[in-house]
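Tertiary structure, described
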Amino acid sequence: MKKLITLGTCALLMTGCAQTQLGGQSRVSILDESSRAHLEAELTMADYTAFAEKVTNKMLASRLVQSWGKKRPRLVVGRMRNNTDNESIRVQDIYDRITETILGSGLVRLMDKSETSFDYVVNTEISSTRQHGSGGEELAYFKLEFKMFTLSGEMVGQWSDVLPLGKARRNFI
Amino acid sequence: MNKKIILILLAFIIIGCGAKRGTNIDHLSQRTIDDTHPRATLILGHTDLVNNILITNVRVAQVGLLPKAGIDVQNLTDNRYNLEYKIVWRDKQGFPISISNVWHRFVLSPRKIKSFQSMGKTEDAYSIQFTVRFPDDLYIESDKREVESKKMVPCPPPLPPICPKSMRDRVMP
């Protein structure tokens, strides 16, 4: 009986602290949403977020926006122009990330694109350049740019950010 | 004698498995975490970065209605580092501000100091959590595991070179 208890306790000691490994039966994993993994030299949803974060950082830190204080001017974010070589970029997703950040700041009253009465309008544009190497290398630069105008058409602010993506040489061995 | 063994084993189970399961503190003090600044928690994502990469010169200031943070990251070595950082803003109670943000990759050449800035995107933003780590995503991890698994497979001993008959004739007449 005593031997049995000793053996049981030993078994508990050995298995109790062991960590179980779950999953592993499939090749699909849920990624960390903030991870910047890329399979191709193309933008991912995390890149959209990074772009929106960085360019709105610059916009919100500008002297013009600081001077607004609690005035909360009426702002229209214009339709985003896609000047990249990839027509399938989800510009609406980038647009939504930008408006989410600006609205969250509480600094402006965000108006619809069809609104004709506003204080400022922000025109947004995404563009790209791309180079290909002979061994399958690829270098792509994406740029997001904001240009802010008053109702009278005067440009009062411009902010941009660049995201370079590089793809290494293919390894056939 | 058996009773003694059982008691010792039970003590192992209770103490060994029970350590650090959860404590009601902000975080456990480690040499990778620096919380000496009242409005910033600085985290190095790997012990290899301790004494090689320094997060320093934290500034938090009010810009208009929003807070702005500036941080420097210094390379203390002659090596080139590929890293990524993330800034999470928190309110006064310590809750993260619910604006999604992502990891940003950067390269730190030898002895270089790089500065980063971020705007707290709401008026509630108060403190930051700044993390620097080696780039990490699903594909980097799976590459690492593949390399490790290849290292673990023992190689068969090299076979003696087989010479063509004509060569053998020349060496051993």
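The model shown is predicted, which means the values in this text are computed figures rather than measured ones.

1. So, the overall build of chain A
Within chain A, the secondary structure is distributed over four helices and six strands. Each helix and strand of chain A, ordered N terminal to C terminal, gives the series α-α-α-β-β-α-β-β-β-β. Going through the 173 residues of chain A one by one, you find that 21% of them count as buried. Considering only residue pairs separated by 6 or more positions, chain A has 70% of its internal contacts joining residues 24 or more positions apart.

2. A closer look at helix α4 (residues 91-105) of chain A
The terminal C-alpha atoms of α4 of chain A lie 22 Å apart, and with 15 residues this matches the ideal 21 Å at 1.5 Å per residue to within 8%. Burial in α4 of chain A covers these residues: I94, R97, I98, T101, I102 and S105 of chain A. Seen end-on, α4 of chain A carries its buried residues on one side only, within an arc spanning 125 degrees. Lining the buried residues of α4 of chain A we find α2 (45-61), β1 (74-77), β3 (109-111) and β4 (120-132) of chain A together with β4 (66-75) of chain B.

3. Section: the nonpolar core
Among the nonpolar cores identified, the biggest contains 48 residues, and F51 and V55 of chain A together with F130 and V132 of chain B are the most heavily contacted of them. Among the elements that make up this core, the one with the highest residue count is α2 of chain A (eight residues). In this structure F130 of chain B touches A40, L42, I43, I55, I71, Y85 and I87 of chain B, once residues within four positions along its chain are discounted.

4. Some details on the sheet that holds strand β3 (residues 53-63) of chain B
Across a sheet, strands are paired by hydrogen bonds formed along the backbone, either parallel or antiparallel in direction. Overall, antiparallel pairing links the three strands, which are arranged β3-β4-β7 (chain B) in an open sheet. Of all strands in the sheet, those with a lone pairing partner are β3 and β7 (113-119) of chain B, marking the two edges. Between one strand axis and the next, the sheet turns by 15 degrees as a mean value, whatever way the strands run. Most of the contacts of α2 of chain A go to β7 of chain B, to which it runs at about 75 degrees, and overall it touches β3, β4 and β7 of chain B.

5. Quick word on the sheet that holds strand β1 (residues 33-34) of chain B
Pairing within the open sheet is mixed, and its five strands lie in the order β1-β2-β8-β5-β6 (chain B). Each of the sheet's edge strands pairs with one partner strand only, and the pair in question is β1 and β6 (104-108) of chain B.

6. A look at the confidence of the model for chain A
All names here are of chain A. Put simply, chain A has an average pLDDT of 84, and 83% of its residues get 70 or more. Within chain A, no element has a lower average pLDDT than helix α1 (residues 2-16), which sits at 58, and none a higher one than β1, at 95. Low pLDDT, under 50, characterises residues 16-23; the stretch is placed with four contacts to residues that sit more than four places away or in other chains.

Conventions we followed
Residues numbered from 1 in each chain as written. Chains lettered and ligands numbered in written order. Predicted model: local features only at pLDDT ≥ 70, side-chain atom pairs only at ≥ 80, totals over all residues. Helix = DSSP H or I, 4+ residues; strand = E, 2+ residues; numbered from the N terminus. Buried ≥ 20, exposed ≤ 12 C-beta atoms within 10 Å, placed from the backbone. Contact = placed C-beta atoms within 7 Å. Expected span 1.5 Å × (residues − 1). Arc of directions from axis to C-beta. Core = buried A, V, L, I, M, F, W, Y, C linked by C-beta atoms within 7 Å. Pairing = 2+ DSSP bridges. Axes fitted to C-alpha atoms, helices over the stretch in contact; angles between N-to-C directions. pLDDT = per-residue confidence, 0-100.

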